[in-house]
Amino acid sequence: MRPAWDDYFMEITRMVATRSTCLRRSVGAVIIKDKRILATGYNGAPSGLAHCAEVGCIRQQQQVPSGERHELCRGLHAEQNAILQAALYGVSISDATLYCTTHPCVVCAKMIINAGMKEIVIAEGYPDEMSAQMLAEAGVKVRRLS
């Protein structure tokens, strides 16, 4: 039996997350438009730089709670990497849907809003009320798959 589109794209998103180099959480993101994959991203250090597995995790060492002090991290979030991949290759993601294993943080939410994406489909939540508020205010629909 063929999977529903949401299930299909979320399964791909989970596979993308397996490429993560983050020591604390593996996150995947896939940008979809017209049932076509435009870009993918997972969380990890910028291209060409040492991975956290090689140099350690500052956030872990300093016991920074999840959802706080994003600037204390070598890595980019999966959503950021997907957006940057689209920009690098000149792919418009306006009106696209973002599939993500986790609800975006507020930094990613602001990027999603300004990139013109209209919908986010997530597998699990994330403790960031400001993110949810800003996405709602911008009219970006967020759906959580069961």
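This text goes with the structure placed above it.
The text that follows walks through the structure, step by step, so that each part is easy to find.

Parameters at a glance
Along each chain, numbering runs from 1 in the same order as the chain's sequence is written. In keeping with the model being predicted, local features are shown solely for residues with a pLDDT of at least 70 and side-chain atom pairs are shown and tallied solely at 80 or more, while totals for entire chains, interfaces and linings include all residues. Hydrogens and water molecules were not included; the side-chain quantities draw on all heavy atoms of the structure. In this description a helix means any DSSP run of H or I spanning at least four residues, a strand means any run of E spanning at least two, and both kinds are numbered starting from the N terminus. A simple rule labels every residue: compare its accessible area, found with a 1.4 Å probe on the protein chains alone, to the largest value its type can have, and call it buried under 20%, exposed over 50%, or partly exposed in between. Every angle, taken between N-to-C directions, lies between 0 and 180 degrees, and every axis is a line fitted to C-alpha atoms, over only the stretch in contact when it is a helix. Working rule for angles: under 35 degrees goes down as roughly parallel, over 145 as roughly antiparallel, 65 to 115 as roughly perpendicular, anything else as oblique. The sense of a crossing depends on the near helix, which, turned anticlockwise from the far helix by less than a right angle, makes the crossing left-handed and, turned clockwise, makes it right-handed. A contact between two residues is defined here by any heavy atoms of the two lying within 4.5 Å. Amino acids are sorted into nonpolar (Ala, Val, Leu, Ile, Met, Phe, Trp, Tyr, Cys and Pro), charged (Asp, Glu, Lys and Arg) and polar (every other residue, Gly among them). Two N or O atoms count as a polar contact when they lie within 3.5 Å, although within protein this holds only if one can serve as hydrogen donor and the other as acceptor, and sequence-adjacent residues are included solely when both atoms are side-chain atoms. Only Phe, Tyr and Trp rings are paired, with Trp represented by its six-membered ring, and only when their centres lie within 6.5 Å; those with planes under 30 degrees apart are stacked, over 60 edge-to-face, the remainder tilted. Take a side-chain nitrogen of Lys or Arg and a carboxyl oxygen of Asp or Glu: if they are within 4 Å of each other, that pair is a salt bridge.

## Quick word on unusual backbone geometry
For step 1, the next point in the chain: Even without a glycine there, the phi angle at Asp34 is positive, about 55 degrees.
For step 2, the next point in the chain: Within the secondary structure, Asp34 sits in the loop between strand E1 (28-33) and strand E2 (36-42).
For step 3, the next point in the chain: For Asp34, a relative accessible area of 67% puts it in the exposed group.

## Re the packing of helix H4 (residues 78-88) against helix H5 (residues 106-115)
For step 1, the next point in the chain: At their nearest, the axes of H4 and H5 sit 9 Å apart, and the two run at 25 degrees to each other. Judged on the interaxial angle alone, H5 and H4 are roughly parallel. Of the two possible hands of crossing, H4 and H5 adopt the one that is left-handed. Together, Glu79, Gln80 and Ile83 of H4 and Val107, Cys108, Met111 and Ile112 of H5 make up the contact between the two elements.
For step 2, the next point in the chain: Tallied by class, residues from the contact of H4 with H5 come to five nonpolar, one polar and one charged.

## A few points about helix H6 (residues 129-137)
For step 1, the next point in the chain: For H6, the capping residue at the N-terminal end is Asp128, with a side-chain oxygen 3.4 Å from the backbone nitrogen of Met130.
For step 2, the next point in the chain: Where H6 terminates, the next one or two residues include Gly139, which has phi positive at roughly 80 degrees.

## Details of the packing of aromatic side chains
The geometry of an aromatic ring pair is captured by two quantities: the separation of the ring centres and the angle between the planes.
For step 1, the next point in the chain: For the coordinates displayed, the defined rule picks out four aromatic pairs.
For step 2, the next point in the chain: Aromatic side chains Phe9 and Tyr99 sit 5.4 Å apart centroid to centroid with 50 degrees between the ring planes, which places their arrangement in the tilted category. Here Phe9 is found in helix H1 (residues 5-17), whereas its partner Tyr99 is found in strand E3 (residues 97-102), with 90 residues between them in sequence.
For step 3, the next point in the chain: Following the ring pairs from residue to residue traces out a cluster consisting of Trp5, Tyr8, Phe9 and Tyr99.

## Structural notes on the pattern of salt bridges
For step 1, the next point in the chain: Counted according to the given criterion, the structure contains five salt bridges.
For step 2, the next point in the chain: A salt bridge links Arg143 to Asp6; the shortest N-O distance between them is 2.7 Å. Note that Arg143 is positioned in strand E5 (residues 141-144) and Asp6 in helix H1, a separation of 137 residues in sequence.
For step 3, the next point in the chain: Of the residues examined, Asp6 reaches a relative accessible area of 19% and is grouped as buried.
For step 4, the next point in the chain: With its nearest N and O atoms 2.5 Å apart, the salt bridge here joins Arg69 to Glu71.
For step 5, the next point in the chain: When its relative accessible area of 46% is taken as the criterion, Arg69 is described as partly exposed.

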